Amino acid sequence: MSNHVSAAFARKVEARGVTVAEWVVLRALADDPATRPARLAERLALTPGAVSKLGDRLEAKKLVVRTPLPDDRRAHHLALTDAGAALVPELASLADANESEWFGELTPDDRAALDRILRQLAEQHGLRAAPLD
């Protein structure tokens, strides 16, 4: 079932021109503006190389911008552009709609139980973040 839920969401965000992995980075930048890539990698449990590639893709789409740090020319922050900031709420709505589509029929108690069980399984297996492309 997980593959169906994920694929449905992927189709929704891809119709808006981003991948699920790019959405995850955009969402993280919305929560923590002007973030160093290393901090983003740690927060999302990604490699620095993966964050760099995602940053390149999002920069090419004009959704993020790299800003050099004044004290270190080699280091930079990633931040949302106006277009990126405007896209985040739209994609968040798609995430909410996808969740409602797949889990909306569950009672609040059942949703809480499912969430608790999935978190317990993730913890038991040392999972910190969802796998990304």
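Before reading further, recall that the structure is shown in the block above.
Small disclaimer: the values here were computed from a predicted structure and weren't measured.

### Structural notes on the pattern of salt bridges
Counted according to the given criterion, the structure contains 11 salt bridges. Between Asp-31 and Arg-27 there is a salt bridge, with the nearest N and O atoms lying 2.8 Å from each other. Here Asp-31 and its partner Arg-27 are both found in helix H2 (residues 20-31), 4 residues apart, which amounts to about one turn of the helix. Looking at Asp-31, the relative accessible area reads 46%, which means it is partly exposed. Arg-27 sits in the partly exposed class, given a relative accessible area of 34%.

### Focus on the packing of H2 against helix H4 (residues 48-60)
Axis separation between H2 and H4 bottoms out at 10 Å; the angle between their running directions is 90°. Comparing their axes, H4 and H2 come out roughly perpendicular. For the pair H2 and H4, contact is made by Ala-21, Glu-22, Val-25 and Leu-26 and by Leu-54, Arg-57 and Leu-58, respectively. Here the contact of H2 with H4 is built from residues that sort into 5 nonpolar, no polar and 2 charged.

### Describing the environment of Ala-79
Mapped onto the elements of the fold, Ala-79 is located in strand S2 (residues 72-80). A relative accessible area of 17% places Ala-79 in the buried class. Sequence separation of Ala-79 and Glu-59 is 20 residues, and the distance between their C-alpha atoms is 9.7 Å. The contacts of Ala-79, once residues within four sequence positions are left out, are Ala-34, Leu-63, Val-64 and Val-65.

### Some details on the environment of Thr-67
With respect to the secondary-structure elements, Thr-67 resides in strand S1 (residues 64-69). Of the residues examined, Thr-67 reaches a relative accessible area of 39% and is grouped as partly exposed. In this structure the C-alpha to C-alpha distance between Thr-67 and Ala-79, which are 12 residues apart in sequence, comes to 7.7 Å. Setting aside anything within four residues of it in sequence, one finds Thr-67 in contact with His-76 and His-77.

How each quantity is defined
- Residues numbered from 1 in each chain as written.
- Predicted model: local features only at pLDDT ≥ 70, side-chain atom pairs only at ≥ 80, totals over all residues.
- Heavy atoms only, no water.
- Salt bridge = Lys/Arg side-chain N within 4 Å of Asp/Glu carboxyl O.
- Helix = DSSP H or I, 4+ residues; strand = E, 2+ residues; numbered from the N terminus.
- Buried < 20%, exposed > 50% of the residue type's maximum accessible area, 1.4 Å probe, protein only.
- Axes fitted to C-alpha atoms, helices over the stretch in contact; angles between N-to-C directions.
- Parallel < 35°, antiparallel > 145°, perpendicular 65-115°, else oblique.
- Contact = heavy atoms within 4.5 Å.
- Nonpolar A, V, L, I, M, F, W, Y, C, P; charged D, E, K, R; others polar.

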